[in-house]
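Coordinate analysis (summary)
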Amino acid sequence: MSDPSTQNFETRAREAIANPSNLGEMEDADSVGTAGAVDCGDMLRMWLKFTEKDGQKVIDRASFQSFGCQTAIAVASMATELLKGKTIEEAQNLTPDDLSGDLGPLPPMKIHCGQLVEGALRNALDGTPAPQSNPSSPTLAQSLNDKPKGTIKIVPLEEDSNN
Ligand code: FES
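Structure report, in brief. (Residues numbered from 1 in each chain as written. Predicted model: local features only at pLDDT ≥ 70, side-chain atom pairs only at ≥ 80, totals over all residues. Heavy atoms only, no water.)

Focus on the environment of A29
On the secondary structure map, A29 appears in the loop between α1 (4-18) and β1 (31-37). On a C-alpha basis, the gap between A29 and K49 in space is 4.8 Å, while along the polypeptide they are 20 residues apart. (Helix = DSSP H or I, 4+ residues; strand = E, 2+ residues; numbered from the N terminus.)

Okay, here's the thing in structure tokens:
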């Protein structure tokens, strides 16, 4: 019999992916980040748009695209909602459990799914400019095909503007 807390998590995750928030590429994004989990082959890309509030740079909105499991999609959906209004420093301090919001703490075997979202967020916060001005930038599908092989950790992928 499975752990009831895991069942609750799975129910909430199912509800989140039934109607995910902020899904899709953001045309006017200020930065973009991509992360890949090489062990499972999942990838996630996050776009951020910043604004100024009380003299501070804060996240106005966030969106994501994913070739990932349902948990990664559910966490990204929650995360892109709770990132709104966060300063860069606040966003950098969010853990995968923070990012999972109302889903609750991630079950041990789903922690790397949250780390995938965290990796894409951190990559975007590193200031990678959004590639909309560079049509030759790889799509998430192209990045998936080009993903590095041979390691099992979450690795943020740099946008290659020379590609
Ligand atoms: Fe790979 Fe969830 S199983 S990100």
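The discussion continues.
Here's the deal with the pattern of salt bridges
Per the stated rule, a full pass over the model turns up 5 salt bridges. Ionic pairing is found between D28 and R61, a salt bridge with its closest N-O pair at 2.7 Å. On the criterion of sequence distance, the pair formed by D28 in the loop between α1 and β1 and R61 in strand β3 (residues 56-67) is long-range, its members being 33 residues apart. R61 gets classed as partly exposed once you look at its relative accessible area, which sits at 29%. One network of salt bridges, in which partners are shared, links D28, D60 and R61. (Salt bridge = Lys/Arg side-chain N within 4 Å of Asp/Glu carboxyl O. Buried < 20%, exposed > 50% of the residue type's maximum accessible area, 1.4 Å probe, protein only.)

Describing unusual backbone geometry
Despite not being glycine, N22 shows a phi value in the positive range, around 60°. Here N22 lies in the loop between α1 and β1. The class of N22 is partly exposed, set by a relative accessible area of 23%. Even without a glycine there, the phi angle at D54 is positive, about 50°. With respect to the secondary-structure elements, D54 resides in the loop between β2 (42-53) and β3.

Section: the side chain of T87
Assignment of secondary structure puts T87 in the loop between α2 (70-82) and α3 (88-92). Apart from residues no more than four positions distant in its own chain, T87 is found in contact with Q56, K57 and V58. (Contact = heavy atoms within 4.5 Å.)

Some remarks on the packing of aromatic side chains
Across all of its chains, the model carries 0 aromatic pairs by this definition. The ring of F50 has K57 lying over it, and the distance from NZ or CZ to the ring centre is 4.5 Å. (Phe/Tyr/Trp six-rings, centres within 6.5 Å; stacked < 30°, edge-to-face > 60°. Lys NZ or Arg CZ within 6 Å of the ring centre and 35° of its normal.)

What about the environment of N19?
Tracing the sequence through the fold places N19 in the loop between α1 and β1. In this structure N19 comes out as exposed when scored by relative accessible area, which is 63%. Taking the C-alpha atoms as reference, N19 lies 9.3 Å from A74; in sequence the two are 55 residues apart.

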